[in-house]
Amino acid sequence: MKKKVSAVLLTVMILCIALPGFASYKSEYKMSVVPGAVTPWGMGAGYFAELVNERTEGRVNVKVYYSGQLFAGKQTSEFLLLRNGAIDFSLASTINWSPQVNELNLPALPFFVASDVDKRYAAMDAIEEGKSGKMMIDAVESKGVKFLAWGENGFRELTNSVRAVATVADMKDLKLRVVGSPIYIDTFKALGANPINMNWSEATTGFQQGLVDGQENPLVGICIPVKIWDYHKYLTNWHYVIDPLLLAVNPKVWSSFDEKDQAIIAQCAIDAMKYEKAISRIGLDDGSSLAYLESIGKAPEVKDPILFCEENGMTVTDLTPESVQAFKDATASVREEWTKKIGPKLVAAAEEDMASVQ
């Protein structure tokens, strides 16, 4: 009997030496996502988990927890939970992590990222791939989280149930639900609106009860999945800020993977976020996102989100260049004040990055 036990122990020891990473892997890695599975954000997370499981041949099993399950709806707690190891992976918004990483307020500077319909996505890509993107990544990693890839929730558009918004004057006294980030409160106050900080879980009830008149969110990422036309008739495409996503992992979890699996997971992150970005941009860019999704057999049913909103009864307003400039002028003080908080060097670097595609 002793000989049999010794043989088993020896076999286990040999396996542990031969497969040090796999021997220490967890049976499940928890991944946090704010919205549901049918949003581009959720679909990107699901695709990442699928790729990781497939390419590591089941060695790494990522399970996605949708709709904020891992942080009980308190989105701004997500970064700390990931850093502390309560969450293993996360696909998160820069907005929700900005309380802990101030530099992530950069994409929320109002009318900062190029709002020209032909340039705005190229401008955001230039930031992420350039000096300013690296500065943001360095800031995230210095606070204790390992960055893997950029995703995107999209440019945030305005919807409301009161009137079409085409000018700054149209914003006056509109009660608008906004995310609980100070820069958003400052922006809407500067535009003459009445911003109301409200969790999204409470927002639709607020719309129905008349507590708030409208909201701002990405068209493909949030507005269409929640059928915003059930609450609001008016949509304004103003592209005033963009909401990038960060695919990230707890550093201790990352270091527990062997080099082979680290390389696989890193590539899975890049591939999954390319897909996720394309879903978020479909019908809103120069057509390249749709072409890519068709090439991999993953084109969604709704290919023209603006037309889809119109078909569901919404009145769509596209701002003229003059109106965009008026909105930009009205929020100049917000950009000036928040540039000081975010860091003038970071903002200047982003301006240089965007200038490369103008």
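Residues numbered from 1 in each chain as written. Predicted model: local features only at pLDDT ≥ 70, side-chain atom pairs only at ≥ 80, totals over all residues. Heavy atoms only, no water.

Worth spelling out the cut-off: UniProt positions are given in the numbering used here, feature names are shortened, and annotations may be inferred rather than shown by experiment.
As recorded in an unreviewed UniProt entry, the protein goes by Tripartite ATP-independent transporter solute receptor, DctP family and comes from Dethiosulfovibrio salsuginis. Checking UniProt for the protein, the heading Subcellular location (unreviewed entry) contains the comment "Cell envelope".

What about the overall build of the protein?
Note the following rule: The way it works is that DSSP assigns letters per residue, a run of H or I at least four long becomes a helix, a run of E at least two long becomes a strand, and they are numbered from the N terminus. The globule rule is 2.2 Å times the number of residues to the power 0.38, and the radius of gyration it is compared with is taken over C-alpha atoms. Exposure categories follow from relative accessible area, calculated using a 1.4 Å probe and restricted to protein chains: below 20% of the type maximum is buried, above 50% is exposed, and the middle band is partly exposed. Contacts are residue-level and defined by heavy atoms, with any inter-residue pair within 4.5 Å sufficient. Neither His nor the chain ends is counted toward charge; the positive residues are Lys and Arg and the negative residues Asp and Glu. A charged residue contributes its charge at one atom only: NZ of Lys, CZ of Arg, CG of Asp or CD of Glu.
Broken down by element type, the protein carries 17 helices and 10 strands. What you see for the protein is a C-alpha radius of gyration of 22 Å, in line with the 21 Å of a compact globule of 358 residues. Taken along the three principal axes of its C-alpha coordinates, the protein extends 85 × 45 × 40 Å. Each of the 358 residues in the protein was classed as buried or not, and the buried ones make up 51%. Look at the contacts in the protein between residues 6 or more apart in sequence, and 73% of them connect residues 24 or more apart. Mean positive and mean negative side-chain charge positions of the protein (36 and 44 charges, respectively) differ by 9 Å.

A few points about the packing of helix α3 (residues 40-55) against helix α12 (residues 259-281)
To describe two helices that pack against each other, one gives the angle between their axes and the distance between the axes. Just so we agree on the cut-off: Axis lines are fitted through C-alpha atoms, for helices just across the contact stretch, and the angle between N-to-C directions can take any value from 0 to 180 degrees. Roughly parallel refers to an angle under 35 degrees, roughly antiparallel to one over 145, roughly perpendicular to one between 65 and 115, and oblique to any angle outside these ranges. By definition, turning the near helix anticlockwise from the far helix through less than a right angle yields a left-handed crossing, and turning it clockwise yields a right-handed one.
Contact pair α3 / α12: the axes reach a minimum separation of 8 Å and the direction vectors enclose 150 degrees. For the element pair α3 / α12, the angle class is roughly antiparallel. Between α3 and α12 lies a crossing of right-handed hand. Across from P40, W41, M43, G44, Y47, F48, L51, V52 and R55 in α3, the residues of α12 making contact are I264, I265, Q267, C268, A269, D271, A272, M273, Y275, E276, I279 and S280.

Re the nonpolar core
This is how the line gets drawn: The definition of a nonpolar core used throughout is a set of buried Ala, Val, Leu, Ile, Met, Phe, Trp, Tyr and Cys residues joined through side-chain atoms within 4.5 Å.
Counting residues in each nonpolar core, the largest one holds 71 residues, and the members touching the most others are W97, L106, V113, M171, Y184, F188 and W238. Not counting the four nearest positions on each side in its chain, W97 is found in contact with E78, F79, L82, S90, A92, L104, V140, V145, L246 and A248. In this structure, F48, A49, V60 and F71 belong to the second largest nonpolar core, which totals 38 residues.

Thoughts on the environment of H239
Just so we agree on the cut-off: As used in this structure description, the phrase polar contact means that two N or O atoms lie within 3.5 Å; if the pair is within protein, one of them must be able to donate a hydrogen and the other to accept it, and residues adjacent in sequence are counted only when both atoms belong to side chains.
Along the chain, H239 falls in the loop between β8 (234-237) and β9 (242-249). The spacing of H239 and A114 is 125 residues in sequence and 8.7 Å in space, taken between C-alpha atoms. A polar contact is formed between the side chain of H239 and the side chain of E157, at a distance of 2.7 Å.

With respect to helix α7 (residues 131-142)
Side chains three or four residues apart in an α-helix point the same way, a direct result of the helix having 3.6 residues per turn. Filter applied, for reference: To estimate how far a helix should reach, multiply one less than its number of residues by 1.5 Å. Arc definition: directions from the helix axis to the C-beta atoms.
The end-to-end C-alpha distance of α7 is 16 Å, a good match for the 16 Å that 12 residues give at a rise of 1.5 Å each. Every buried residue of α7 is accounted for by S132, G133, M136, I137, A139 and V140. End-on view of α7: buried residues confined to an arc of 155 degrees, all on one side of the axis. Exposed and oriented more than 90 degrees from the buried face of α7 are K131, K134 and S142. Those residues of α7 that are buried lie in contact with α4 (78-84), α5 (94-97), α6 (120-129), β4 (146-160), β9 and α17 (344-355). Immediately beyond the C-terminal end of α7, within one or two residues, lies G144, with a positive phi of roughly 105 degrees.

Description of the packing of aromatic side chains
Both the distance between ring centres and the angle between the ring planes are used here to describe each pair of aromatic rings. As a reminder, the rule being used: Stacked, tilted and edge-to-face are the three classes assigned to paired rings of Phe, Tyr and Trp, where Trp is represented by its six-membered ring and a pair needs centres within 6.5 Å; plane angles under 30 degrees give stacked, over 60 edge-to-face, the rest tilted. Definition used: whenever NZ (Lys) or CZ (Arg) falls within 6 Å of the ring centre and also within 35 degrees of the ring normal, the charge is taken to sit over that ring.
Under the counting rule described, the total for this entry stands at 21 aromatic pairs. Considering the side-chain rings of F188 and W238, the 6.0 Å spacing of their centres and the 55 degrees angle between planes classify their relative orientation as tilted. Separated by 50 residues along the polypeptide, F188 in helix α8 (residues 182-190) and W238 in the loop between β8 and β9 bring together distant segments of the chain. The same class applies to F188 and to W238, which are both buried. One cation-aromatic arrangement involves R120 over F155; the distance from NZ or CZ to the ring centre is 5.4 Å. One Lys or Arg, K298, reaches over the ring of Y275 and ends 5.6 Å from the middle of that ring.

A closer look at the pattern of salt bridges
We apply this condition: A carboxyl oxygen of Asp or Glu within 4 Å of a side-chain nitrogen of Lys or Arg is what we treat as a salt bridge.
Considering all chains together, one arrives at 11 salt bridges under this definition. Residues K277 and E128 are paired through a salt bridge, measuring 2.5 Å at the closest nitrogen-oxygen approach. Note that K277 is positioned in helix α12 and E128 in helix α6, a separation of 149 residues in sequence. Judged on exposure class, the residue K277 and its partner E128 are both buried. A salt bridge links E216 to R156; the nearest nitrogen and oxygen atoms lie 2.5 Å apart. Separated by 60 residues along the polypeptide, E216 in strand β7 (residues 214-218) and R156 in strand β4 bring together distant segments of the chain. You can call E216 buried: its relative accessible area is 1%. The class of R156 is buried, set by a relative accessible area of 2%. Because the salt bridges share partners, they merge into one network encompassing D125, E128, E152, K277 and R281.

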